[in-house]
Every structure is written in C-alpha cells, then in structure tokens.
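# What the coordinates show
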Amino acid sequence: MARTRNQALADWMAEQGMTEEEFAERFNGQVAELTGRSGNATCRTVRRWLSGEVTWPQAKQRAALARLTGRTAEALGFAPRSASPASAPGLDLDSDSGSGSGSGSGSNEASRQAPERHLKSLTTATGTALTTTGTAAPPTSRGPNSRVGVSDVERLTAALADLVSADDRHGGTTEVETRALCLAQEALDLQQCGSASTRVRNMLYSLAAAATCSALWAATEGHRLDAAQRHLQQSVVLAGLSTDTAVQFRVWGHASVLYRRLGRLTDALAAADAGRSVGIVRNDPVYASLGLAHTAVHQGLFGDRTAVQRSLGHAQDALCRADLALPRPPWMLFYDQAQLELLALLAQSALGQWADAEAHARRSLALLRPGLVRNRHRILVFQARAQLSQDALEPALLSIGAIPREAWHGRTDRLISAFTTHLRKAAPNAPETRTWDEFLRNSAPSHERHTEPRPS
C-alpha cells in the first residue's frame, strides 16, 4: 500500500525550526512528564511518522504529541486505520512501534477512553483550546507550554527591517532608539514565555542583539554616549548567546565607532580587529570589505597614510569579489560601492587629503541609493569640508546648503557646526561666510552652541 507523507507534521516541525533529532528529544521529555519514565523515540521514529509508515501512533504517544505541539493527532496529519483505531493493546512508548492491531472491547474500550480524557485534561491544563477541526485556537496569551516558531522570527525580522529603513532615513533619533529597544525586549520575552527549538532560540537572540545594536547605533549617532555604552554591553552578551557571527560582526563594528566618538582610538581599532576575526568575514567578502574599510578610518585618525591605502585597497578587492545579490541581514544591505567610497572619504578626511576626499565624495554621491538619506547628508557635509579646505568656498556652501534644515540633528548637526567653525577660521571676512552666518541666524541658532568634533 502506497504511503502518504505526513505533510501536516512536517509543516509544524518546519514552522518551529525543529530537526527530527530535536523533535524526538522533546517528545521523550513529554513522555516522561506523562508517565514518569522517559521515552526513547529516535530520529527513525520521527521519520516513520513523517513518511506515513505510521499513520496512527499509540494513545499515549498521541497524548505526548498533543502536549508537545498543542494539536490533536488528526491536526498533525495522523489518521486511524479503522473506526476504532485507539483500541490497540500495548502502549509501548519506548519503541519505534506505530499503529498496532488487535481486538477486544470492555476493558480495552475503557483503556481507550482514559487516554482521551487525559488528553483533554492536558490541553485544558496548558491553556490550549482545541477547535472542532482539531487545530489549536490562538491563545490569548502565551503560556509556558506555548510554541515559539519561525513565523515569530519572521515577524520580528520584518520589524527590524522597518527599523533599519527608518534609521537610514533619519538616523540618531531617540524614536529609533526606543523602537529598537522595544523590539529587542519583545524577542527576549518570547524566549521566556514559550518553548522553542534551539535554532529558533538562537534566531531570537540574534534578533535581540541586532535590535539592541540598532539602539546602540542610534544613541551613538545622537551623541547619547552613556546610553550607547549600556546598549553595547547588552549587545555583546546577546550576540554571544546567539552564536550568529554576522550580528557579532555588527556589534564590534558599532563598538569601534562608539569608541572613536569617545576618543578611545586604540579601543576603536581593537574593536574593528575583533570584528574582522569572526567567522563570517572569512566566508563572505562583503563583511571582509566593510571591516577593512572601518579599519582604514581608524588608521586615518592615527595618521598612518600607508596603512589607510593598504586597507582601502584590500576592501575594494574584497568588494569586487562579492555577490551583493546574496541574502543578508537587513542591516547589512546598505553596504556597497557607494558606502565604501563614503568610508574612504572619512579616512582621507582624517588624513587631511582633501582632494582625494572630495573625489571619494563625488563618487559616493553618484552611486548612493535614494533610500540612504542620512548617508547622503553625511557625504555632503564631508564634501563641503574638503572643498572648504581647498579654498573653494562657494562650492562648499552649495554642498552643505543641499542638506534640508529638518535633517540638522544628531551627528549631522554637529558636523555642520564643525564646518561653520572651519569656515569662520578660514575666511572670516569672506562674503560667503557672511551669507552663511546670516542663514544660521535665521534658521539654526543652536549651532552657535556646538563645539567641533573630531572627524569620523
């Protein structure tokens, strides 16, 4: 007789991100809670269920399955072979046996009803209401026996992508920081309120780390450095728990920027080196390129021109080898040739190589994707500074004047303040300076209170 694959059970396992081995292990745990004796189901047991070789597990096996999944045997794709499928004797929970055959009534009927009553009590005790179709009704709140699965991860991943998009547009706002922390907390709450496979748990830790890292980045960009340091500590812990080398790379990259803003250049370079040591850098040249480009910026602040050129050259080589179409986390999608040009612009600005910096700025602006609004504003500020340092006052004002007033906040605001300071020192009596001062008086009085930051 031809077998029919149990797709319902396969779909449930896929939703939970659960392997055959892990399913068997968790099933055995439920058997232990039911009987006081651990089951010894194996991968072969699960494969027999999935393949359709076993169409109707023993009664207490069905009870354990219901306790594990919150669904009846029918909802999991099992079907009795006869009108009285559960009357089979011999409830061997520790073997690979499936449906049995036998006869009898009376005591067998009583033994059939008892497990069914127990199944009902189990589902009631765990807060899982079963509908007449055999599927679990959505719980009003998650209990300790609820399942956390891939769909939860996908929902949070979509929320993280929206958050990254908001940061790309605005950057450094307290709203982005708060949203990121709420998202991280939601991922951590799911760890505590339901059961999940190891794979799903790792994914939730990765999401929590990535969201906390977004909060770290927003706080750093907004110059809320005390908060940023707290977020960094949490990000490092969560990234370690996740075992996700991609998010570990991101944490160290943002740590290096935070240390740079704190003036701890040695720590910044060490954090960049730590990021370049994680496994994903060896496997994906996009990560290798970004790590090298960040290192070049730190080397520029140390004044090491040779090291900067070497790192930028290696970063370019790695990016040329990369396939940008491969799937990557949403927070990594920003990196391309335009971003490499931006980081090269920062490195050359730190060295005072203004002609090279301006050339990188022009290339970055030409290649930049429209959605990366915040990066466009940063490029314009550094381009203006490079032009000012080459005595091109009018082009410098045209560059910085292209930044809309509503974007003057956080890091962008402080960089514009630094440009203003340089303009007044370089050409205090120039008509361009008077024009700019008049514009500031009318639109941005807060800039008079800022001090000049280090280039970064």
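Residues numbered from 1 in each chain as written. Predicted model: local features only at pLDDT ≥ 70, side-chain atom pairs only at ≥ 80, totals over all residues. Heavy atoms only, no water.

On to the overall build of the protein chain. Helix and strand content of the protein chain: 20 helices and zero strands. Across the 456 residues in the protein chain, those meeting the buried criterion constitute 51%. Within the protein chain, residue pairs in contact and separated by at least 24 positions form 70% of the contacts whose partners lie at least 6 positions apart. Accessible area for the protein chain stands at about 20600 Å²; split by element, carbon and sulfur atoms hold 52% of it. (Helix = DSSP H or I, 4+ residues; strand = E, 2+ residues; numbered from the N terminus. Buried < 20%, exposed > 50% of the residue type's maximum accessible area, 1.4 Å probe, protein only. Contact = heavy atoms within 4.5 Å. Areas by Shrake-Rupley, 256 points an atom, 1.4 Å probe, with all protein chains shown as cover.)

Looking now at the confidence of the model for the protein chain. Looking at the protein chain as a whole, its pLDDT mean stands at 80, while 82% of the residues score no less than 70. With pLDDT under 50 throughout, residues 83–144 is counted as low confidence; its partners more than four residues away or in other chains account for 88 contacts. (pLDDT = per-residue confidence, 0-100.)

Turning next to unusual backbone geometry. A positive phi angle is found at H223, which is not glycine, with a value near 65°. Within the fold, H223 resides in the loop between α8 (198–221) and α9 (225–242). Even without glycine at this site, D391 takes up a positive phi of about 65°. The residue D391 is located in the loop between α17 (373–389) and α18 (393–401) in this model.

Attention now moves to helix α6 (residues 150–169). For α6, built from 20 residues, the straight-helix expectation of 28 Å at 1.5 Å per residue is met to within 8% by its first-to-last C-alpha distance of 29 Å. The elements touched by buried residues of α6 are α1 (7–16), α7 (174–193), α8 and α17. One or two residues past the end of α6 sits G171, with phi positive at roughly 70°. (Expected span 1.5 Å × (residues − 1).)

Because an α-helix completes one turn every 3.6 residues, residues spaced three or four positions apart along the sequence face the same direction. A rise of 1.5 Å per residue sets the reference length of helix α11 (residues 265–276), with its 12 residues, at 16 Å; its end C-alpha atoms lie 17 Å apart and thus fit the reference within 8%. The set of residues buried in α11 consists of L265, A268, A271, A272 and G275. Across the axial projection of α11, the buried residues extend over an arc of 120°, all falling on one side. Residues of α11 that are buried in the fold lie against α10 (245–261), α12 (279–283) and α13 (285–301). (Arc of directions from axis to C-beta.)

Attention shifts here to empty space enclosed by the protein. Summed over the entire model, instances satisfying the criterion amount to two cavities of 30 Å³ or more. Approximately 40 Å³ is the volume found for the largest cavity. Around the largest cavity, the lining residues are F249, W252, G253, A272, G275, R276, G291 and H294. (1 Å grid on protein atoms, 1.4 Å probe; cavity = no way out; pocket = protein on both sides within 12 Å on 5 of 7 lines; lining within 4 Å. Points joined across faces, edges and corners; volume = space filled by probe spheres on them.)

This brings us to the packing of aromatic side chains. Aromatic ring pairs are described here by two measures, namely the spacing of the ring centres and the angle between the planes. The full count for this structure, using the stated rule, is nine aromatic pairs. Taken together, a centroid distance of 5.2 Å and an interplanar angle of 75° make the contact between F27 and W49 edge-to-face. Residue F27 is located in helix α2 (residues 20–35), and its partner W49 is located in helix α3 (residues 43–51); the two are separated by 22 residues in the primary sequence. The same class applies to F27 and to W49, which are both buried. A centroid spacing of 6.2 Å and a plane angle of 85° characterise the contact between W49 and F78, whose relative ring orientation is edge-to-face. (Phe/Tyr/Trp six-rings, centres within 6.5 Å; stacked < 30°, edge-to-face > 60°.)

Let's shift gears to the environment of Q191. Tracing the chain through its elements places Q191 in helix α7. Separated by 11 residues in the primary sequence, Q191 and N202 have C-alpha atoms spaced 9.7 Å apart. The residues touching Q191, leaving out its near neighbours within four places in the chain, are R201, L204 and Y205. Separated by 2.7 Å, the side chains of Q191 and R201 make a polar contact. (Polar contact = N/O pair within 3.5 Å; in protein donor to acceptor, adjacent residues only side chain to side chain.)

Counting residues in hydrophobic clusters, the biggest one holds 101 residues, and the most contacted among them are W331, Y335, F419 and W436. Looking at this core element by element, the count peaks at 12 residues for α8. Dropping the residues within four chain positions of it, W436 is found in contact with L397, I400, W408, I416, F419, T420 and L423. If you look at the next biggest cluster of nonpolar residues, it comprises 21 residues, including M18, V54, L65 and L76. (Core = buried A, V, L, I, M, F, W, Y, C linked by side-chain atoms within 4.5 Å.)

Where side chains of opposite charge bring their charged atoms close, a pairing between them can arise. Using the criterion set out here, one finds 16 salt bridges in the structure. With a shortest N-O distance of 3.6 Å, D273 and R276 are connected by a salt bridge. In this pair, D273 and R276 are both assigned in helix α11, three residues apart and thus about one turn of the helix distant. Judged by relative accessible area, which is 37%, D273 ranks as partly exposed. Using a relative accessible area of 33% as the deciding quantity, one classes R276 as partly exposed. Overlapping salt bridges bring together E221, R261, R374 and R378 as one network. (Salt bridge = Lys/Arg side-chain N within 4 Å of Asp/Glu carboxyl O.)

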